[in-house]
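# Examining the three-dimensional arrangement
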Amino acid sequence: MTTHTTAADNSRPREEDAPTGLLPIPTGPARAMATGGGALTIVSAFLAWTWTATFPGDLTYYGYPGGLQWLVLITGTLTTLLGLASYGIKGIRAIAPGNADAALKYAALAAFATAWYTILAISVQLGGLANLEPGGWITAIATLTALTGALALPFQRPQTYPVDPEDTGWEQFKHRLRNGLTTVKGAFAAEGPPAPRKLPGYAEILIIVAALATGLLVFTYGIGTEYDELFIGFLISVAFGFAALSKAGLVAHVSVYTARHRNVTLIGAFLAAAAFPFTQNDDQYATIGVYILIFATVALGLNIVVGLAGLLDLGYVAFLGVGAYAASMVSGSPSSPFDIHLPFWGAILVGAAASLVFGVLIGAPTLRLRGDYLAIVTLGFGEIFRIVAMNSDGASGPDITNGSNGISSIPNLKILGFDFGLEHSIGGFTIGRFANYFFLMLLITLVVVLVFRRSGDSRIGRAWVAIREDETAALAMGINGFRVKLIAFALGASLAGLAGTVQAHVTYTVTPEQYQFANTVPPNSAFLLAAVVLGGMGTISGPLVGAALLYLIPNKLAFLGDYQLFAFGLALALLMRFRPEGLIPNRRRQLEFHEAELDPGETPPPTVLSKTGA
């Protein structure tokens, strides 16, 4: 009798019942290594890491951390606390209501990555490891010890499938590699934390306030980093540190509290943002802040079009330009062809109305298209706007926009006698020009957030989502698809026009080059779309976070020069690979992306016959 054997016979997963770690170290010593390594990391931050102050941050002091040492100190403290929490110590255990071991692994990785990046940066800049002082060696050993111990902590290994011995060597290598990646992924995985217990209202609000204050502190530190090495270390620490807090369950618990107190959270978030200018010594970083708000507000308006209605608009920055041009022409600029000087409220209405009209004019003939065709048409509109603005100089066309010179010398705003171009003193703090515009832009962002929230929860918002999910089914249910999409298009355009009016006054000059599809300097259509997708489509906080990151990272990594777009593209590809639903995903989209996935760490069985089976 002939026996047929197929790969399916070997496709049953191999289960590891006993939890073990990635490294063969007993649990007790491993936990002690992780916790002790974290404590030694704290001590090492108070030692000198190098002998010369040439390296940025001056890491030559004993007893006082500087520059990157502060980041290592924070990540080391987090590692130590989570290590103590993993012992179940009463009181400290509360900081890890989820999986303390998984959180400890990410915290140890944060300390290790930040410390070793600093060591390598010192060695590269100063010419070798000989430039390290004892503190540098101690922090390298301490963080490595903590990471080694954390990786040895036991976890329930995921199911893997044995290698088919009849496969080629290359296929066996790929299979083993997949199994290895699956195991590593399982080592850092954790189930969701239990629901937090109901606390008194004031206690939950205090937790929200603490979370917002922490967010303001982190953002202020990141925006105020003085040199490239510190900003890169900041990104490393924040990325792994946030993952540690998420695995610990703190992020999920805060999310539950913010969902219970949405209005308090919204007000608190804007109060925290309003406190930002008071944390700065000069107007330098308020400049970045106001540009981030302009970028984020426009991205939030685009989120109505893309995130809610599902309309791929590649020329959205043109509506920002329409609003900016319209407002600049009626704001008393000497280079404006119209001798009109409206107050700000008149100019902002003109800017929003102009963008609204253009949105309707562009949307009416094009929104019957779908998918790629709509994207191409909107991309063409964006380029047409820029070219028309470039040629409306009185030579190639009518004299409206001054061509490539644009509308210049746009005067500063004055509202009720408050001159935005002058410094003001508030509570003993001196507020400069950009800080004034920061507050104004914050109010406009608040308006856009309220519009997004109200429209998203309304009947028209549900119609947008229905169109986005399945337009054919939505039409069959009686939804007027064209009208619904046109409303989304016009609303998104008018919100971009609102931001454009402030942008015109902040930048003094409006030129066509500011409104391209792709450029190294945001906002442009490509960066706006990336902010929505990376942050999280269909959410309020997602585009705000995405826009802040996309504006801040190129601004801080100017040393990359021509490689900025390459680095941006690489980061975009990696993020889309590992978190396609965005940094702050909409619940529905998160389920859509992960609905078809297998259990954590599970590899699919082979679908082809082996050579024996064939």
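Residues numbered from 1 in each chain as written. Predicted model: local features only at pLDDT ≥ 70, side-chain atom pairs only at ≥ 80, totals over all residues. Heavy atoms only, no water.

### Digging into the overall build of the protein chain
A count of helices and strands for the protein chain gives 21 helices and four strands. Computed over C-alpha atoms, the radius of gyration of the protein chain comes to 28 Å, within 12% of the 25 Å expected from 2.2 N^0.38 for 614 residues, which places it in the range of a compact globule. Expressed along its principal axes, the backbone C-alpha trace of the protein chain runs to roughly 85 × 75 × 55 Å. The burial tally for the protein chain puts 47% of its 614 residues in the buried class. If you take every contact in the protein chain between residues at least 6 apart in sequence, the share linking residues at least 24 apart comes to 77%. Measuring between centres, the 35 positive side-chain charges of the protein chain sit 10 Å from its 38 negative side-chain charges. (Helix = DSSP H or I, 4+ residues; strand = E, 2+ residues; numbered from the N terminus. Rg over C-alpha atoms; globule rule 2.2 N^0.38 Å. Buried < 20%, exposed > 50% of the residue type's maximum accessible area, 1.4 Å probe, protein only. Contact = heavy atoms within 4.5 Å. Lys, Arg positive; Asp, Glu negative; His and termini not counted. Charge placed at Lys NZ, Arg CZ, Asp CG, Glu CD.)

### Overview of the confidence of the model for the protein chain
Mean pLDDT over the protein chain stands at 84; residues scoring 70 or higher make up 92%. Counting contacts from residues 598-614, a segment whose pLDDT is below 50, to residues more than four positions away or on other chains yields 35 contacts. (pLDDT = per-residue confidence, 0-100.)

### Observations concerning the packing of helix α9 (residues 262-274) against helix α14 (residues 433-457)
One can describe the packing of α9 onto α14 by two numbers: an axis separation of 10 Å at closest approach and a directional angle of 160 degrees. Judged on the interaxial angle alone, α14 and α9 are roughly antiparallel. Handedness of the crossing formed by α9 with α14: right-handed. Residues Arg262, Asn263, Leu266, Phe270, Ala273 and Ala274 of α9 pack against Phe438, Phe439, Leu442, Thr445, Leu446, Val449, Leu450, Arg453 and Asp457 of α14. Broken down by class, the residue content of the contact of α9 with α14 amounts to ten nonpolar, two polar and three charged. (Axes fitted to C-alpha atoms, helices over the stretch in contact; angles between N-to-C directions. Parallel < 35°, antiparallel > 145°, perpendicular 65-115°, else oblique. Left-handed = near helix turned anticlockwise from the far one by under 90°. Nonpolar A, V, L, I, M, F, W, Y, C, P; charged D, E, K, R; others polar.)

### Topic: the packing of helix α6 (residues 201-223) against helix α8 (residues 250-260)
Interhelical geometry of α6 versus α8 gives an angle of 115 degrees and a closest axis separation of 9 Å. The hand of the α6/α8 crossing is left-handed. Where α6 abuts α8, its residues Glu204, Ile207, Ile208 and Ala211 lie against Val254, Tyr257, Thr258 and Arg260. Along the lines of polarity and charge, the residues of the contact of α6 with α8 split into five nonpolar, one polar and two charged.

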